[in-house]
Each structure stands twice: as C-alpha cells, then as structure tokens.
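In case you want the letters, here they are:
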Amino acid sequence: MDRLLRPFIRDWWGILLLLLAWQAWVVLSGLNAIVMPRPLDVVADIATNLPVYLPALGISLAAAAFGLVGGFMLGLGLGILTWASTIAAGMLTPVTVLFSSVPVVTLIPILARLFGYGPGTVVAITVIISFFPAFVFSSAGLRALPPGSADLFRVLGASRWRVLTSLALPAAMPNLAVALRIGAAHALLAAMVAEYLMGSSGLGAMFAAAKSELNTERALGASLIVAAISLTLYLLSLRVEHWARARYG
Amino acid sequence: MSGPSGAAIALHDVTRRFPLKGVPEGVLALDRVTLDVQPGEFVALLGPSGCGKSTLLRMTAGLDTPSTGTVRVGGETPAAVAARQGFGVAFQDHALLPWLTVRDNIALPFRVAGKPVNQGRIAALIALVKLTGFEEAFPRNLSGGMRQRVNIARALVLQPEVLLLDEPFGALDAVTRRHMNLELQRIWTETRTTTLLVTHAVEEALFLADRIVVMTGRPGRVAQDLPVPFARPRPVEVMREERFHEMQDSLVLALEPEAHD
Ligand SMILES: Nc1ncnc2c1ncn2[C@@H]1O[C@H](COP(=O)(O)OP(=O)(O)OP(=O)(O)O)[C@@H](O)[C@H]1O
Ligand SMILES: [Mg+2]
C-alpha cells in the first residue's frame, strides 16, 4: 500500500494540495454552493450522474481523437511536402504561420457555415489546433539528420523516396512525438471550447447548459473531467516521447 | 605515372573555389590538383589541416564538384558510379543510424540499392571486423572504435569498386587507432579494393598505403608523391624498421607549414 501511495503522492501532491485548498477555502469562507461548490460535491455529481456525463464525454473524445489524428496527418503531410519541394516550402510556411496566428474562436462562424453547427466544426477546430505543431515539428524533424547521414545516402545513390522513408522520417520521430504530446494535451480542450461556443453537443455544450442553469457543480464536473483526461493524455504522450527519443534519437 | 585511361580514380587539373563572405574571389581550396589512383592501389592523402583533402575526397564521391577540371572514376562521372553503388565510404563522423542495429546498419547499402540483403555477407563482415555477438546492439551501446568498425564494414558490404576513407579513425585514441590500422590492413589485403585514405597520421599512411600523396595548404596543391616500399603483407614490426622511421621523419618535416614558406 505504502509503495503504491508514495509515488502517487510524490507525482500528484501539487494537484492534491490544490484540491485540498479549494475544499478548505469553500468550507471556511462559507461561500454559497452556486458560486463555488466544494470539490467533493463536484466529484459526487460526476459519480451519481455518469449516464449524463459519459455520452457527452464520448462525443467530445471522438471529436478530439478525429481532430488530433486528422491534424497530425495533415501537418505531417504538408511537412513532407515542404521537405520535398522548396517551392512548396516557400508557399506553405507563411500561409500556415498566418493561419495559426488567427485566434481559432474567430474561425468558428466561418467553419460553422461550412460544416454546420455540430461535430463537423468541432472536429475542424481540433484539426486546426493539432495541425500547427505537427507541421512545425515535422518540418524541423525531417531535417534533423544524424551527422554525415545525408552524404552517405547520396553516395549510395539513394532515391528521394528512399531518403524520406529510411532516413528523414525515422530521424523525425522524436520531433513527431513532441508534436503528438502538444496536440494530445490540447485536442480535447479545443473540442470542448468549440462545443461550448456553438452549444452543439458534448462536454462543452453540457458546460454551457449547466452554466446558464447556474448548475455550477455540473459545469465544474465537465471541466474537471476534461482537465483530468488532458493531463492523462499528456502524460501518456510524454511516455511515447521518451520512447521515441531513446529509440530514434 | 600511368595515363588517365587505366586509372580507377583520375582527378585532372582540379580547382575548387569556395565563396566566402567579404572576399569577392572566394577561397581557393584546391589549385590544379592532378591525381591518379590505379586499380587495386591504396593511396593515402596527407596534408595540413584545411589543405582540401576532404574536398578532394568529396569530389571523388560526387558530393562536390570542381570549379574547373575533371573527376573520373573508372572512366565515368562520380554520379554514374554512385548510381550503381560503386562507392564505399567511411567518413570521420561514423554516420551510423541510431535507430538501426549493427546488423541493419551494415545492411543499409543493400536496402538503399534495392538489392536483396545478403545475410551471409553481412555475417562474414561482422566477423571480419570482430563484432560477432554485437549484431543486435545499437550504435549508442558501442564504443567509438566499435562504431568505426561498423562504419568500415558498411563501406565494404556491397564490394565497392572504390573505397573512400576520410580520417575514419580520427576520433580514436592512439592504441585503438593502431589496432584499427591492423584490422584495416588485414581486411584490405583480402579485398584489394582501390582505396583513397585521408589521414593526419603519418604512421597510419606509411603502414597502410602503397603510395603517399602529400599536399600543401592554402591553396591545396600536390607537393610530393612517394611510393611506400614495404612489402605486403606488412607485419606490425614494419613500424619499428629504420626505413619506416626515416620516412616518417621526412614526412613529418614535409607537413610542417614552415617547410613551404
Ligand atoms: N562547403 C564549404 N564552403 C566553404 N568553404 C569550404 C567548404 N568546404 C571546405 N571549405 C574550405 O576549403 C578548404 C579545404 O577544406 P577541407 O575540409 O577540404 O580541408 P581538409 O584538408 O580536409 O582539412 P582537415 O584536415 O582539417 O579535415 C578550407 O579552407 C575550408 O575552409
Ligand atoms: Mg577533412
């Protein structure tokens, strides 16, 4: 028991402390539960209303997953394109930088007109959010080759395709893992924000509805779930990154 | 010296100028260098740092092109030889791929060439460079000398027409380096591949080469071209012969920059 508990406390004491402070603050200051519920009440709301939370979570997770995979593939694909052609690099890089500097929120009305006020737009937003790190890190990673290896492949008369598959892509693996980590941490959050702003479906819409009904426990419950899952995804992708560094670095 | 037609490597009147910021005419790295290497010959290139040895080797491999002059390998352009995997190269950075095992690193030229991997040949080369038992190890788990042996084995795996070595043992300590020289000599005696070796070590050049070409620096020119008289196979004891020491002393003298002022 002690062996299990100790590493848990070591890794999570910050969050535990935060929850304890929250609980203590609400209890001691005697705030109204509508203004600020206690964390235990929020957890209780989640535990007793799983049939409400789970379907919403499923929708948000699916949108985040599709968006993450789609954005990652798109970013990697365009990264490969800029690797293969300087013309494409000259064209794509400024466009993507411009695109990424536009706040995603402002894109929602435009995207909603294209994909409708529903999961389509939510996925599109998550694609955009995950695309940029994938593009930037794959562009850089495809060029971060072991010293001398590019010359070696040239002397061996390697085709462009061979250089890509046997050299550039494996060399990019650690960078791709970083892109995945950044994307994984933000995908669910991006999906939830999009759902919240459109009030369509998923945890974001649930949050919006709870907020307007002054159901603070429900609103915080949705946030807590997203935060916990985002953190878990982040930690998992950190593992992937460590592996990629050890294997390909 | 024999004519250009029969040579395995023929560099003729090669000049190479590199652009340099603030200097309109650029840096003259090589000035009208002519060098022939006969089939089956082992030539060592000696010269002070920055005299253009690596540039010469890179041009032979088709990684760089001369400003003026011609480079031919077996009568063809380096690009044509590279296209049919005629070169075996080992440069100073070992250029092993960190995600491949020793076996897969040595097999890489087969894969790049789109040829079926000859596992028997790979096993024989691993034995030749004394790395049996390390087939599944990754480069990061090898010592510097072991990595260079993998590098040499990879250079030899496709039975190249021409072997180009640029200070392959430069990063090694003296003891390991001597050991590697013994192994390279043994391997070379078995294959007799046309070889051009760039080195800073006079002893290494004398022990391994049939001929030593000494270059001067800024701009790089051929200063001396001397045959190495020791009979093959050469035992280690050669390095203790008086003749060896005499040649070593005169080469060291020739390499001192003051000698050319
Ligand atoms: N890509 C390059 N761009 C500009 N200048 C270069 C380039 N490569 C080499 N040079 C210049 O050409 C000259 C010869 O360089 P090179 O690397 O061939 O020397 P080297 O004889 O191999 O030296 P070392 O023994 O130190 O390896 C140097 O003055 C160097 O600055
Ligand atoms: Mg050099």
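Just so it is clear, the model here is predicted, and its values are computed rather than measured.

A.B. asks: Report on the UniProt feature "domain: ABC transporter" (unreviewed entry) in chain B, specifying residues and quantitative values.
C.D. replies: UniProt annotation of "domain: ABC transporter" (unreviewed entry) refers to residues 9-242 of chain B when read in the numbering used here. The distance separating the terminal C-alpha atoms of residues 9-242 of chain B is 32 Å; by composition the span is 32% helix and 28% strand.

A.B. asks: Just give me the short version of the nonpolar core, but keep the residues and values in it.
C.D. replies: Ranked by size, the top nonpolar core spans 52 residues in total, and within it F153 of chain A together with L45, L56, F87, L164 and L196 of chain B carry the most contacts. A per-element tally of this core places helix α8 (residues 160-198) of chain A first, with eight residues. Apart from residues no more than four positions distant in its own chain, F153 of chain A is found in contact with A158, R162, V163, S166 and L167 of chain A together with L97, L108 and V112 of chain B.

A.B. asks: Could you give an account of the site of ligand 1, with specific residues and numbers?
C.D. replies: All names here are of chain B. Neighbouring ligand 1 are the residues F18, A29, S49, G50, C51, G52, K53, S54, T55, E167 and H200. At a separation of 3.2 Å, an oxygen atom of ligand 1 approaches a polar backbone atom of C51. In the environment of ligand 1, an oxygen atom lies 2.7 Å from a nitrogen or oxygen atom belonging to the side chain of K53. If ligand 1 stood free it would expose 630 Å²; the protein chains cover 60% of that surface. Tallied by class, the residues present in the shell around ligand 1 amount to three nonpolar, six polar and two charged.

A.B. asks: Could you give me a rundown of the sheet that holds strand β4 (residues 68-73) of chain B, with the residues and numbers involved?
C.D. replies: Residues and elements named next belong to chain B. The strand order β2-β1-β4 describes an open sheet built from three strands, whose pairing is antiparallel. The strands lining the two open edges of the sheet, one partner per strand, are β2 (23-37) and β4. Strand after strand, the sheet turns through a mean of 30° between neighbouring axes, direction not considered.

A.B. asks: Pulling in residues and values, what's your account of the pairing of strand β3 (residues 42-46) of chain B?
C.D. replies: Residues and elements named next belong to chain B. Buried residues dominate β3, accounting for five of its five residues. Bridge count for β3 against strand β7 (residues 194-198) is four bridges, and the pairing is parallel. Opposite A44, over in β7, you have L197 as the bridge partner. Examined bridge by bridge, β3 and strand β8 (residues 211-216) share four bridges and lie parallel to one another. Opposite L45, over in β8, you have V213 as the bridge partner.

A.B. asks: Before we move on, could you go through the packing of aromatic side chains and cite the residues and values that matter?
C.D. replies: For the structure on display, the rule yields six aromatic pairs over all chains. With a centroid separation of 5.5 Å and 70° between ring planes, the pair formed by Y196 of chain A and F207 of chain A is classed as edge-to-face. In this pair, Y196 of chain A is assigned in helix α8 and F207 of chain A in helix α9 (residues 202-212), connecting sequence segments eleven residues apart. When its relative accessible area of 29% is taken as the criterion, Y196 of chain A is described as partly exposed. Note on F207 of chain A: relative accessible area 21%, which makes it partly exposed. Among the aromatic residues, those joined into a ring-pair cluster are W243 and Y248 of chain A together with W99 of chain B. Across the ring face of W83 of chain A, the terminal group of R160 of chain A is positioned such that the distance to the ring centre comes to 4.3 Å. Directly above the ring of Y248 of chain A sits R247 of chain A, whose terminal nitrogen or CZ lies 5.3 Å from the centroid.

A.B. asks: Tell me about the packing of helix α3 (residues 50-84) of chain A against helix α6 (residues 119-141) of chain A, and please be specific about residues and values.
C.D. replies: For any two helices packed against each other, the geometry comes down to the angle between their axes and how far apart the axes lie. Residue and element names in this part refer to chain A. Two elements in contact, α3 and α6, have axes whose closest approach is 6 Å; the angle formed by their N-to-C orientations is 35°. Between α3 and α6 the crossing geometry is right-handed. Considered class by class, the residues forming the contact of α3 with α6 number 14 nonpolar, ten polar and no charged.

A.B. asks: Give me the lowdown on the side chain of S237 of chain A, citing residues and values where you can.
C.D. replies: All names here are of chain A. Among the secondary structure elements, S237 is positioned in helix α10 (residues 216-248). Polar side-chain contacts of S237 include one of 3.0 Å to the backbone oxygen of Y234. Each residue touching S237, except ones within four places of it in the same chain, is listed here: L180, R181 and A184.

A.B. asks: Break down the interface of chain A and chain B for me, citing the residues and quoting the values.
C.D. replies: Every contact between the two is made by 21 residues of chain A and, on the other side, 22 residues of chain B. Of the roughly 1,900 Å² buried at the junction of chain A and chain B (both faces included), carbon and sulfur atoms supply 65%. It is L152, V155 and L156 of chain A that lose the most area in chain A upon contact with chain B, and together they represent 35% of the buried surface on that side. Applying the counting rule to chain A against chain B returns one salt bridge. The salt bridge partner of D151 of chain A is R58 of chain B, with a shortest N-O separation of 2.6 Å. Counting the contacts that link chain A with chain B gives seven residue pairs in polar contact (both at pLDDT 80 or more). Looking at which element gives the most residues to the side of chain A that touches chain B, the answer is helix α7 (residues 149-155) of chain A, with six residues. Grouping the amino acids of the side of chain A that touches chain B by side-chain chemistry returns twelve nonpolar, five polar and four charged.

Analysis parameters
- Residues numbered from 1 in each chain as written.
- Chains lettered and ligands numbered in written order.
- Predicted model: local features only at pLDDT ≥ 70, side-chain atom pairs only at ≥ 80, totals over all residues.
- Heavy atoms only, no water.
- UniProt positions renumbered as here; feature names shortened; annotations may be inferred.
- Helix = DSSP H or I, 4+ residues; strand = E, 2+ residues; numbered from the N terminus.
- Core = buried A, V, L, I, M, F, W, Y, C linked by side-chain atoms within 4.5 Å.
- Buried < 20%, exposed > 50% of the residue type's maximum accessible area, 1.4 Å probe, protein only.
- Contact = heavy atoms within 4.5 Å.
- Near = heavy atom within 4 Å.
- Polar contact = N/O pair within 3.5 Å; in protein donor to acceptor, adjacent residues only side chain to side chain.
- Areas by Shrake-Rupley, 256 points an atom, 1.4 Å probe, with all protein chains shown as cover.
- Nonpolar A, V, L, I, M, F, W, Y, C, P; charged D, E, K, R; others polar.
- Pairing = 2+ DSSP bridges.
- Axes fitted to C-alpha atoms, helices over the stretch in contact; angles between N-to-C directions.
- Phe/Tyr/Trp six-rings, centres within 6.5 Å; stacked < 30°, edge-to-face > 60°.
- Lys NZ or Arg CZ within 6 Å of the ring centre and 35° of its normal.
- Left-handed = near helix turned anticlockwise from the far one by under 90°.
- Buried area = accessible area lost by both parts, 1.4 Å probe.
- Salt bridge = Lys/Arg side-chain N within 4 Å of Asp/Glu carboxyl O.

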